[in-house]
Amino acid sequence: MTSHHRSTLLDPHRRPSDPIEIEEYSAMTTFAEPAAATATPVTPADLLARLRAAVAAHPARTAVHAADGSLDFAALDRRTAALAAALRARGVRRGDRVGVHLARTLDLPVALLAVWRAGAAYVPLDPAYPAERISFMATDARLAAVVSAETAPPVPAGVPVLRPDAAAPVEETDADAFVPDPLDSAYVIYTSGSTGRPKGVEVPHGAVADLAAGLEQAGAYRPEPSVVAWNASVSFDASVQQWIRICRGDTLVVVDDARRADPARLAALLAEHAVTDLDLTPSHWQLLREQLTGAAVPRLFMGGEPVPGRTWRELADGGIDAFNLYGPTECTVDAITARITGPGPHLGEPLAGVRVHLLDERLRPVTGAGEVGELYLAGPGLAHGYAGQPGLTAGRFVADPFTTAPGARMYRTGDQARRSAEGLLEYVGRVDRQVKLRGFRIELGEVEHALAALDGVTAAAVTVHEPAPGDTRLAAYVTGPAAPAELLAELRRTLPAHLVPAGVTVLEAMPLTPNGKVDHRALPVPAAEAAPEAVGGGVAEQVAEVWRTVLGVPEVLPEDDFLSLGGHSLAALRVVHLLRRKLNVELQLRHLLDAADLAAFTEAVQRAAAAGPAAARPALTARRPAVR
């Protein structure tokens, strides 16, 4: 076991009140090697400087592919310079914030880079969001301008709106090109807030440059130019580590919403452009994997949610070139990474410069194997904080007692982890999903982790259910070929009685948020309390049951509209995928999106069933050699 994984550094005879030196704190809590922890940090090259170098070195290389065309690096440079000049002409200055309200087209990377070249930070305003939410973010961020293809996006009156093809005379030379300070803000991405109002996480340029350099040093980014699929929404922080790849000379393939939501079309897009790198959630991978059978699977970057044990083993055993990425938005996307190899899931090692602390509720180091603590992250990748919310910032970005550097902070992630006997850092769950039942303090994430590790379980979720006043129980949900009775028996074998759910409901699929994560609020009533199913098992009832499962609603009516019930593109994709498997029919996403209601969609499914069975799709069992 290496020195940074030892769990015996804490003197067992020390009293809690005894002082501990800073150096000893660091040794007990950090996963960085001592030499790395004490070495003078090297400031990575700014990404705009790296982009200028890529343009100069390979002007004719393709920079961006999108549904509406392609740009080489020379054209990308011209367009971003022209839009940056237009922004400056409208009064945008260093330190301002500019909203980017664009669909996934060529215009999107052009606008993001132009905002940077103008000296400002970009604020994603996803056109798919409700107008009220966009308006709130635009107001809260105090935007100096907005780039939008719409003439009147839902932003405050008086905010200048520029089209993405806006231009002004470019007088910039290499000598006077904008060079951001590492502390200049690069972007503000809004995330869900516990109060119900989104909060903007403000991230500096230096942290983004550190992210790229850290993933390069970790071997996640290849030294040679790659072809990278931009799969995540620009409003989701995972998009940052995807689109900034263009700054190092990689080719970016912008995945539009229609192809992202259709596994067959997405697989075709990956093959068409010979994509080498694909970032996605484990849930999205489950929908895409069959389409990639027999193909050269790109290098996978998995994040956004824990990788289930079964998925980890499938990728590792099949020789799939894949990385597990962990990190909160507040720590610039990714802080810890691991190659997906070996017997089971773990978080891995911190990126260069990142310091990882595993602490108890009194900020004392948690050092014993199997002991659960909360993850705190420190280093140059930390965000400035929450824009305009100093109180909230102070509560999550706390003083770092493990370094002598003045003003050093660490971020309280709210994630729980533990070290295995082998020294691997393993994710356990969330601090803020802690519940109390009958006097016992229970972390729902711990029960989910135990369920997900069992054979036959592809995904697991646990919540609290109250079938009658005062009768509060744990309710578990799983997907996969698992028998509830066997799962409960196995849990009783491995968990204390108060951690064993009252029942397990097997679902065809987990309800998901638009970002591909499990939507706990949309989980259906547990099986034991579910309403009786309609008599008969014909196509109509099976279609209705899939709608109920995916949307997490107790009942659906023939006149119900999918989107009105809370459906979105990823949910629609799961409906189509499940019915293909259940009914063995050739069904396309357009059949659902074009249907006015459940009745119309059911008719489309019945026509597909009458046309004959779908072509067989082999299971994913192996892969071609990884692209290097």
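The rules we used
- Residues numbered from 1 in each chain as written.
- Predicted model: local features only at pLDDT ≥ 70, side-chain atom pairs only at ≥ 80, totals over all residues.
- Heavy atoms only, no water.
- Helix = DSSP H or I, 4+ residues; strand = E, 2+ residues; numbered from the N terminus.
- Buried < 20%, exposed > 50% of the residue type's maximum accessible area, 1.4 Å probe, protein only.
- Contact = heavy atoms within 4.5 Å.
- Areas by Shrake-Rupley, 256 points an atom, 1.4 Å probe, with all protein chains shown as cover.
- Phe/Tyr/Trp six-rings, centres within 6.5 Å; stacked < 30°, edge-to-face > 60°.
- Lys NZ or Arg CZ within 6 Å of the ring centre and 35° of its normal.
- Core = buried A, V, L, I, M, F, W, Y, C linked by side-chain atoms within 4.5 Å.
- Salt bridge = Lys/Arg side-chain N within 4 Å of Asp/Glu carboxyl O.
- Expected span 1.5 Å × (residues − 1).
- Polar contact = N/O pair within 3.5 Å; in protein donor to acceptor, adjacent residues only side chain to side chain.
- Axes fitted to C-alpha atoms, helices over the stretch in contact; angles between N-to-C directions.
- Parallel < 35°, antiparallel > 145°, perpendicular 65-115°, else oblique.
- Left-handed = near helix turned anticlockwise from the far one by under 90°.
- Nonpolar A, V, L, I, M, F, W, Y, C, P; charged D, E, K, R; others polar.
- pLDDT = per-residue confidence, 0-100.
- Pairing = 2+ DSSP bridges.

Here we look at the overall build of the protein
Stage number 1. Along its length, the protein carries 19 helices and 26 strands.
Stage number 2. Counting only residues that meet the buried cut, the protein has 54% of its 628 residues in that class.
Stage number 3. The long-range share in the protein, meaning contacts at least 24 apart out of those at least 6 apart in sequence, stands at 62%.
Stage number 4. For the protein, the accessible area works out to roughly 26700 Å², and carbon and sulfur atoms hold 53% of it.

So, the packing of aromatic side chains
Stage number 1. This structure, assessed with the given rule, holds 10 aromatic pairs.
Stage number 2. Ring geometry for Tyr 122 and Trp 243: centres 6.0 Å apart, planes at 65°, overall edge-to-face. A residue pair is termed long-range when its members are at least 10 positions apart, and Tyr 122 in strand 4 (residues 121-124) and Trp 243 in helix 8 (residues 238-243) qualify at 121 residues.
Stage number 3. Owing to a relative accessible area of 0%, Tyr 122 belongs among the buried residues under this scheme.
Stage number 4. Between Phe 301 and Phe 323, the aromatic rings sit 6.0 Å apart at their centres with planes inclined by 15°, giving stacked as the arrangement. One end of the pair, Phe 301, is in strand 12 (residues 299-302); the other, Phe 323, is in strand 13 (residues 322-326), and 22 residues separate them in sequence. Side by side, Phe 301 and Phe 323 carry an identical accessibility label, which is buried.
Stage number 5. Among the aromatic residues, those joined into a ring-pair cluster are Trp 116, Tyr 122, Tyr 187 and Trp 243.
Stage number 6. Over the ring of Tyr 129 we find Arg 133; its NZ or CZ atom is 5.7 Å from the centre of that ring.
Stage number 7. The ring of Tyr 221 is capped by Arg 245, whose NZ or CZ atom sits 3.9 Å from the centre of that ring.

Concerning the nonpolar core
Stage number 1. In terms of nonpolar packing, the biggest core is built from 83 residues, with Leu 76, Trp 116, Tyr 122 and Trp 243 touching the most fellow members.
Stage number 2. One finds Ala 509, Leu 551, Leu 578 and Leu 587 within the second-largest nonpolar core, a separate group that totals 26 residues.

Side note on the pattern of salt bridges
Stage number 1. Following the criterion strictly, the structure yields 27 salt bridges and no others.
Stage number 2. Among the salt bridges present, the one from Arg 248 reaches Asp 250, with a minimum N-O distance of 2.6 Å. Here Arg 248 and Asp 250 have matching classes, each one buried.
Stage number 3. Two residues, Arg 430 and Asp 415, come together in a salt bridge whose shortest N-O distance is 2.8 Å. Of this pair, Arg 430 sits in strand 21 (residues 425-430) while Asp 415 sits in strand 20 (residues 409-419); the two residues are 15 residues apart in sequence, bridging distant segments of the chain.
Stage number 4. On the basis of relative accessibility, which here comes to 23%, the residue Arg 430 falls in the partly exposed class.
Stage number 5. Here Asp 415 falls in the buried class, since its relative accessible area comes to 8%.
Stage number 6. Sharing partners across several salt bridges, the network here consists of Arg 50, Glu 216, Arg 222, Arg 245, Arg 248, Asp 250, Asp 277, Arg 299, Asp 321 and Arg 339.

Here we look at the side chain of Arg 259
Stage number 1. Structurally, Arg 259 is set in helix 9 (residues 257-260).
Stage number 2. By relative accessible area, which is 15% here, Arg 259 ends up buried.
Stage number 3. Here Arg 259 is in contact with Ala 66, Ala 67, Arg 265, Leu 266, Leu 269 and Glu 272, once residues within four sequence places are set aside.

Section: helix 4 (residues 73-89)
Stage number 1. Taking 1.5 Å of rise per residue, 17 residues should cover 24 Å, and helix 4 covers 24 Å from first to last C-alpha, within 8% of that figure.
Stage number 2. Taking burial as the measure, the 17 residues of helix 4 include 12 buried ones, the bulk of the element.
Stage number 3. Backbone nitrogen of Ala 74 and a side-chain oxygen of the N-cap are separated by 3.2 Å at the start of helix 4; the cap is Asp 72.
Stage number 4. Once helix 4 finishes, Gly 91 follows within two positions and takes phi at roughly 100°, a positive value.

A look at the side chain of Asp 321
Stage number 1. Looking at the secondary structure, you find Asp 321 in the loop between helix 12 (309-317) and strand 13.
Stage number 2. At 3.0 Å, the side chain of Asp 321 and the side chain of Arg 339 are in polar contact.

Description of the environment of Val 64
Stage number 1. Residue position: Val 64 is located in strand 1 (residues 62-66).
Stage number 2. When its relative accessible area of 0% is taken as the criterion, Val 64 is described as buried.
Stage number 3. Discounting chain neighbours no more than four positions away, the residues touching Val 64 are Gly 69, Ser 70, Leu 71, Leu 76, Leu 106, Pro 109, Ile 246, Leu 252 and Val 254.

Looking at the packing of helix 16 (residues 539-551) against helix 19 (residues 598-610)
Stage number 1. Running from amino to carboxyl end, helix 16 crosses helix 19 at an angle of 125°, the nearest separation of the two axes being 10 Å. With respect to helix 19, the element helix 16 is oriented oblique. The two elements helix 16 and helix 19 cross, and the hand of that crossing is right-handed. Residue-level inspection shows Val 539, Ala 540, Val 543, Ala 544 and Trp 547 of helix 16 in contact with helix 19, the latter providing Leu 598, Phe 601, Thr 602, Val 605 and Gln 606.
Stage number 2. Tallied by class, the residues present in the contact of helix 16 with helix 19 amount to 8 nonpolar, 2 polar and no charged.

Concerning the confidence of the model for the protein
Stage number 1. Residue-level pLDDT values for the protein average 85, and 85% of them are 70 or greater.
Stage number 2. Overall, residues 619-628 carries pLDDT values under 50, and its contacts beyond four positions in sequence, including any with other chains, amount to 25 contacts.

Re the environment of Arg 299
Stage number 1. Along the chain, Arg 299 falls in strand 12.
Stage number 2. Residue Arg 299 is classed as buried on the basis of its relative accessible area of 4%.
Stage number 3. Each C-alpha atom of the pair Arg 299 and Ala 220 lies 8.9 Å from the other, and the pair is 79 residues apart in sequence.
Stage number 4. Separated by 3.1 Å, the side chain of Arg 299 and the backbone oxygen of Gly 219 make a polar contact.

Notes on the sheet that holds strand 9 (residues 227-230)
Stage number 1. The sheet built from 9 strands is open, its strands ordered 2-1-10-9-11-12-13-14-15 with mixed pairing. Single-partner strands in this sheet number two, and they are strand 2 (69-72) and strand 15 (349-350).
Stage number 2. Judged from the 2 bridges that link them, strand 1 and strand 10 (residues 251-254) form a sheet pairing that is parallel. From the neighbouring strand, Val 64 faces strand 10, where its bridge partner is Leu 252.

A word on unusual backbone geometry
Stage number 1. The backbone of Ala 274 sits at a positive phi, close to 50°, despite the residue not being glycine.
Stage number 2. You can see Ala 274 is positioned in the loop between helix 10 (263-272) and strand 11 (277-280).
Stage number 3. Located in the positive-phi region is Asn 584, a residue other than glycine, with phi close to 55°.
Stage number 4. With respect to the helices and strands, Asn 584 occurs in the loop between helix 17 (569-583) and helix 18 (589-593).
Stage number 5. For Asn 584, a relative accessible area of 38% corresponds to the partly exposed category.

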